Amino acid sequence: MSEQPATLEGIDPEVRAELSGLRQSIDNIDAAVVHMLAERFKATQRVGRLKAEHRLPAADPARERDQIERLRELAAGAHLDPVFAEKFLNFIIAEVIRHHEAIAKDASGS
(Lines give C-alpha, C1' and ligand atoms only; values in the text may rest on other atoms or scores of the structure.)
Protein backbone atom coordinates (compact mmCIF):
# COMPACT_ATOMS: atom_id res chain seq x y z
CA MET A 1 0.00 0.00 0.00
CA SER A 2 1.55 3.29 -1.08
CA GLU A 3 1.34 6.40 1.05
CA GLN A 4 -0.13 9.50 -0.49
CA PRO A 5 1.64 12.82 -0.07
CA ALA A 6 -0.04 15.22 2.36
CA THR A 7 0.53 18.17 0.02
CA LEU A 8 1.00 18.72 -3.68
CA GLU A 9 4.75 18.94 -3.16
CA GLY A 10 6.50 16.00 -4.67
CA ILE A 11 3.71 15.37 -7.18
CA ASP A 12 4.60 15.29 -10.85
CA PRO A 13 4.31 18.89 -12.18
CA GLU A 14 1.99 17.80 -15.00
CA VAL A 15 -0.35 16.10 -12.53
CA ARG A 16 -0.21 19.14 -10.25
CA ALA A 17 -1.04 21.45 -13.18
CA GLU A 18 -3.96 19.27 -14.28
CA LEU A 19 -5.28 19.06 -10.72
CA SER A 20 -4.98 22.83 -10.37
CA GLY A 21 -6.86 23.39 -13.63
CA LEU A 22 -9.63 21.01 -12.63
CA ARG A 23 -9.96 22.69 -9.25
CA GLN A 24 -10.18 26.10 -10.93
CA SER A 25 -13.01 24.78 -13.09
CA ILE A 26 -14.77 23.48 -9.98
CA ASP A 27 -14.35 26.87 -8.28
CA ASN A 28 -15.84 28.61 -11.34
CA ILE A 29 -18.78 26.20 -11.41
CA ASP A 30 -19.37 26.72 -7.68
CA ALA A 31 -19.46 30.48 -8.22
CA ALA A 32 -21.95 30.05 -11.06
CA VAL A 33 -24.14 27.81 -8.89
CA VAL A 34 -24.19 30.43 -6.12
CA HIS A 35 -25.15 33.17 -8.57
CA MET A 36 -27.86 31.00 -10.14
CA LEU A 37 -29.27 30.18 -6.70
CA ALA A 38 -29.30 33.90 -5.87
CA GLU A 39 -31.29 34.59 -9.05
CA ARG A 40 -33.66 31.73 -8.25
CA PHE A 41 -34.29 33.09 -4.76
CA LYS A 42 -34.93 36.59 -6.14
CA ALA A 43 -37.68 35.08 -8.30
CA THR A 44 -39.12 33.01 -5.45
CA GLN A 45 -39.17 36.11 -3.23
CA ARG A 46 -41.37 37.79 -5.83
CA VAL A 47 -43.59 34.70 -5.86
CA GLY A 48 -43.77 34.88 -2.06
CA ARG A 49 -44.85 38.52 -2.13
CA LEU A 50 -47.51 37.76 -4.76
CA LYS A 51 -48.80 34.83 -2.70
CA ALA A 52 -48.90 37.00 0.43
CA GLU A 53 -50.80 39.77 -1.40
CA HIS A 54 -53.45 37.29 -2.50
CA ARG A 55 -53.42 35.24 0.71
CA LEU A 56 -52.27 32.09 -1.10
CA PRO A 57 -50.59 29.30 0.85
CA ALA A 58 -46.79 29.34 1.11
CA ALA A 59 -46.51 25.75 -0.11
CA ASP A 60 -47.88 24.35 -3.37
CA PRO A 61 -47.54 20.55 -3.12
CA ALA A 62 -48.68 19.90 -6.72
CA ARG A 63 -46.12 22.37 -8.11
CA GLU A 64 -43.44 20.91 -5.86
CA ARG A 65 -44.18 17.35 -7.06
CA ASP A 66 -44.04 18.50 -10.68
CA GLN A 67 -40.75 20.31 -10.11
CA ILE A 68 -39.21 17.30 -8.38
CA GLU A 69 -40.24 15.01 -11.22
CA ARG A 70 -38.93 17.49 -13.79
CA LEU A 71 -35.62 17.85 -12.00
CA ARG A 72 -35.24 14.08 -11.63
CA GLU A 73 -35.71 13.73 -15.40
CA LEU A 74 -33.22 16.52 -16.10
CA ALA A 75 -30.74 14.92 -13.72
CA ALA A 76 -31.06 11.52 -15.36
CA GLY A 77 -30.52 13.11 -18.77
CA ALA A 78 -27.41 14.87 -17.45
CA HIS A 79 -26.04 11.66 -15.89
CA LEU A 80 -26.56 13.03 -12.38
CA ASP A 81 -28.09 10.85 -9.69
CA PRO A 82 -31.83 11.69 -9.65
CA VAL A 83 -32.01 10.89 -5.93
CA PHE A 84 -29.32 13.50 -5.24
CA ALA A 85 -31.14 16.01 -7.46
CA GLU A 86 -34.39 15.38 -5.58
CA LYS A 87 -32.70 15.84 -2.20
CA PHE A 88 -31.14 19.08 -3.42
CA LEU A 89 -34.46 20.43 -4.72
CA ASN A 90 -36.27 19.40 -1.53
CA PHE A 91 -33.72 21.41 0.44
CA ILE A 92 -34.32 24.44 -1.78
CA ILE A 93 -38.12 24.02 -1.64
CA ALA A 94 -38.04 23.92 2.17
CA GLU A 95 -36.06 27.16 2.22
CA VAL A 96 -38.42 28.82 -0.28
CA ILE A 97 -41.46 27.82 1.82
CA ARG A 98 -39.75 29.22 4.92
CA HIS A 99 -39.20 32.51 3.06
CA HIS A 100 -42.81 32.56 1.81
CA GLU A 101 -44.10 31.98 5.33
CA ALA A 102 -41.97 34.85 6.65
CA ILE A 103 -43.18 37.16 3.87
CA ALA A 104 -46.81 36.22 4.61
CA LYS A 105 -46.27 36.81 8.32
CA ASP A 106 -44.74 40.24 7.64
CA ALA A 107 -47.56 41.11 5.25
CA SER A 108 -50.22 40.20 7.78
CA GLY A 109 -48.50 42.15 10.55
CA SER A 110 -48.39 39.11 12.82
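Below is a summary of the structure that appears in this document. (Residues numbered from 1 in each chain as written. Predicted model: local features only at pLDDT ≥ 70, side-chain atom pairs only at ≥ 80, totals over all residues. Heavy atoms only, no water.)

### Observations concerning the nonpolar core
With 5 residues, the main nonpolar core is built from A58, I68, L89, I93 and I97. If one sorts the elements of this core by residue count, helix α3 (residues 82-108) sits on top with 3 residues. Residue contacts for I93: discarding those within four places in its chain leaves E64 and I68. (Core = buried A, V, L, I, M, F, W, Y, C linked by side-chain atoms within 4.5 Å. Buried < 20%, exposed > 50% of the residue type's maximum accessible area, 1.4 Å probe, protein only. Helix = DSSP H or I, 4+ residues; strand = E, 2+ residues; numbered from the N terminus. Contact = heavy atoms within 4.5 Å.)

### A short note on the packing of aromatic side chains
The geometry of an aromatic ring pair is captured by two quantities: the separation of the ring centres and the angle between the planes. Applying the stated criterion to the full structure yields 1 aromatic pair. Seen from their ring centres, F84 and F88 are 6.3 Å apart, and the 20° between their planes marks the pair as stacked. Separated by 4 residues within a single helix, F84 and F88 lie in helix α3, roughly one turn from each other. (Phe/Tyr/Trp six-rings, centres within 6.5 Å; stacked < 30°, edge-to-face > 60°.)

### A few points about helix α1 (residues 13-53)
Turn by turn, an α-helix covers 3.6 residues, leaving residues three or four places apart pointing in a common direction. Taking 1.5 Å of rise per residue, the 41 residues of α1 would be expected to cover 60 Å, and the 60 Å separating its terminal C-alpha atoms lies within 8% of that figure. Within α1 the residues assigned to the buried category are F41, T44, G48, K51 and A52. Those residues of α1 that are buried lie in contact with α3. Trailing α1 by a residue or two, R55 shows a phi angle of about 50°, which is positive. (Expected span 1.5 Å × (residues − 1).)

### Thoughts on the pattern of salt bridges
Using the criterion set out here, one finds 3 salt bridges in the structure. Between K42 and E39 there is a salt bridge; the shortest N-O distance is 3.1 Å. One end of the pair is K42 and the other is E39, both in helix α1 and 3 residues apart, which spans about a single turn. What makes E39 partly exposed here is its relative accessible area of 45%. The salt bridge partner of E86 is R72, with a shortest N-O separation of 2.6 Å. You can see E86 sitting in helix α3 and its partner R72 sitting in helix α2 (residues 61-77), a full 14 residues away along the chain. Overall, R72 belongs to the partly exposed group, its relative accessible area being 26%. (Salt bridge = Lys/Arg side-chain N within 4 Å of Asp/Glu carboxyl O.)

It is worth stressing that arrangement in space is one thing and function is another; only the former is reported here.
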